[in-house]
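# An overview of the molecular structure
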Amino acid sequence: MARKIWDISQLLGPELPVWPGDTAFEHKRTWQMEEGSPVNVSALTLSTHTGAHADAPLHYDASAPDIATVDLEPYLGECLVVDARGSNGEVQVGDLPHLRSIDRVLFRTYEKFPHDKWDEGFTAIAPETIEWLAVQGVKLVGTDAPSIDPQNSKTMDAHKAVLKADMRILEGLVLDDVPEGRYELIALPLPILGGDASPVRAILRELPDA
Ligand SMILES: N[C@@H](CC(=O)c1ccccc1NC=O)C(=O)O
Ligand SMILES: [Zn+2]
Ligand SMILES: [Zn+2]
């Protein structure tokens, strides 16, 4: 029996909302068959933080590893999806369920993911929550929000807490259709030399029957 797959990635098209001031997503043709080329070939212009993406430690520490260097292990394996829609402003420690032997935690903060407009008031993750997850042995934290820090953050406290615990981050996931529970996560970053982040094709898959 095939194991159900949830695609938790954003669609990458011209309407994709991006961080204020960041690079807009652009996809244009280099060669076209209708102009006599034997093939269609196009080119992408996009921010490393486009859609569902993985931050590299380099994003928040100028001397830390780039996305081509990080181990792939955190981005592949069992995870817990937590419904944090009740959190207001920041996911607090009190919003967490009891965590038992889990390496990856993904937070759903949206009732409905804002596909067609930028949401500046997204729910961040409190640095204390990151610290608590690290104490529980969590290696990767994911969110449907565009960042784990608030949009106007200058201190990036949640990213700094991730750095201290050497955790990994996924942002921009789409979790609207995913019930709370345990899944297999697959969300591999591209090996971009010097990259501070990479878009990922993020999916969740039913765990194999025990
Ligand atoms: N997806 C990015 C968004 C970002 O770059 C950012 C996050 C919080 C505060 C400022 C940011 N970027 C530009 O100032 C992130 O990794 O958080
Ligand atoms: Zn990011
Ligand atoms: Zn980030």
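Residues numbered from 1 in each chain as written. Chains lettered and ligands numbered in written order. Predicted model: local features only at pLDDT ≥ 70, side-chain atom pairs only at ≥ 80, totals over all residues. Heavy atoms only, no water.

Around the zinc ion (ligand 3), the protein contributes the donor atoms Asp55 (OD), His159 (NE2), Glu171 (OE) and Glu171 (OE), at 2.0 to 2.7 Å from the metal centre. For the zinc ion (ligand 3), the six donor atoms in the first shell make angles of 52 to 164° at the metal, a pattern classed as irregular. When the donor residues of the zinc ion (ligand 3) are listed from N- to C-terminus, their spacing reads D-x103-H-x11-E. Here the zinc ion (ligand 2) and the zinc ion (ligand 3) are spaced 3.4 Å from one another, each receiving a donor from Asp55. With Asp55 in strand 4 (residues 53-55) and Glu171 in strand 10 (residues 168-171), the pair connects residues that are 116 residues apart, well separated along the chain. Note on Asp55: relative accessible area 0%, which makes it buried. (Donors = N, O, S within 2.8 Å, 3.2 Å for Na, K, Ca; no water. Tetrahedral: all angles 85-135°; square planar, octahedral: opposite > 155°, others 65-115°. Helix = DSSP H or I, 4+ residues; strand = E, 2+ residues; numbered from the N terminus. Buried < 20%, exposed > 50% of the residue type's maximum accessible area, 1.4 Å probe, protein only.)

The UniProt record annotates "binding site: substrate" (unreviewed entry) at Trp19. Within the element layout of this structure, Trp19 appears in the loop between strand 1 (5-7) and strand 2 (26-31). The class of Trp19 is partly exposed, set by a relative accessible area of 28%. (UniProt positions renumbered as here; feature names shortened; annotations may be inferred.)

This brings us to the sheet that holds strand 11 (residues 181-186). Pairing is mixed across the open sheet formed by nine strands, whose spatial order is 1-13-11-5-7-9-10-4-12. Since the sheet does not close on itself, it has two edges, and those belong to strand 1 and strand 12 (197-199), each with one partner. Recorded for the sheet is a direction-independent mean angle of 25° between the axes of neighbouring strands. For strand 5 (residues 76-83) and strand 11, the ladder comprises six bridges, and the chain directions are antiparallel. When the bridges of strand 11 are listed, Val81 appears paired with Gly181. Docked against the sheet, helix 2 (residues 157-165) engages strand 4, strand 9 (140-143) and strand 10, running at close to 145° with respect to strand 10. (Pairing = 2+ DSSP bridges. Axes fitted to C-alpha atoms, helices over the stretch in contact; angles between N-to-C directions. Contact = heavy atoms within 4.5 Å.)

The next thing to look at is the site of ligand 1. With respect to spatial proximity, 13 residues lie near ligand 1, and among them Asp55, His59, Pro146, Ser147 and Glu171 are the closest. With respect to ligand 1, the backbone of Pro146 contributes an N or O atom lying 3.0 Å from a nitrogen atom. In this structure, an oxygen atom belonging to ligand 1 sits 3.3 Å away from a side-chain N or O atom of His159. Alone, ligand 1 offers 400 Å² of accessible surface; in the complex the protein occludes 76% of this. (Near = heavy atom within 4 Å. Polar contact = N/O pair within 3.5 Å; in protein donor to acceptor, adjacent residues only side chain to side chain. Areas by Shrake-Rupley, 256 points an atom, 1.4 Å probe, with all protein chains shown as cover.)

This next bit is on unusual backbone geometry. Of note in the backbone geometry, Ser101 takes a positive phi value of approximately 35° without being a glycine. Tracing the sequence through the fold places Ser101 in the loop between strand 6 (90-91) and strand 7 (104-108). Look at Ser101 and you get exposed, because its relative accessible area is 62%. Phi angles above zero are rare outside glycine, and Met156 is one such case at about 50°. Structurally, the position occupied by Met156 is in the loop between strand 9 and helix 2.

With the rule as written, the count across this model stands at four aromatic pairs. Taking 5.4 Å as the distance between ring centres and 75° as the angle between the ring planes, the aromatic pair formed by Trp19 and Trp118 counts as edge-to-face. Remark: Trp118 occurs in the loop between strand 7 and strand 8 (124-125) and Trp19 occurs in the loop between strand 1 and strand 2; sequence separation between them is 99 residues. Residue classification places Trp118 among the partly exposed residues on the basis of a relative accessible area of 26%. With a centroid separation of 6.0 Å and 55° between ring planes, the pair formed by Trp19 and Phe122 is classed as tilted. Taken together, the residues span a long stretch of sequence, with Trp19 in the loop between strand 1 and strand 2 and Phe122 in the loop between strand 7 and strand 8 at a distance of 103 residues. According to the relative accessible area criterion, Phe122 is buried, its value standing at 5%. Through pairs of rings, three or more aromatic residues link up here, namely Trp19, Trp118 and Phe122. (Phe/Tyr/Trp six-rings, centres within 6.5 Å; stacked < 30°, edge-to-face > 60°.)

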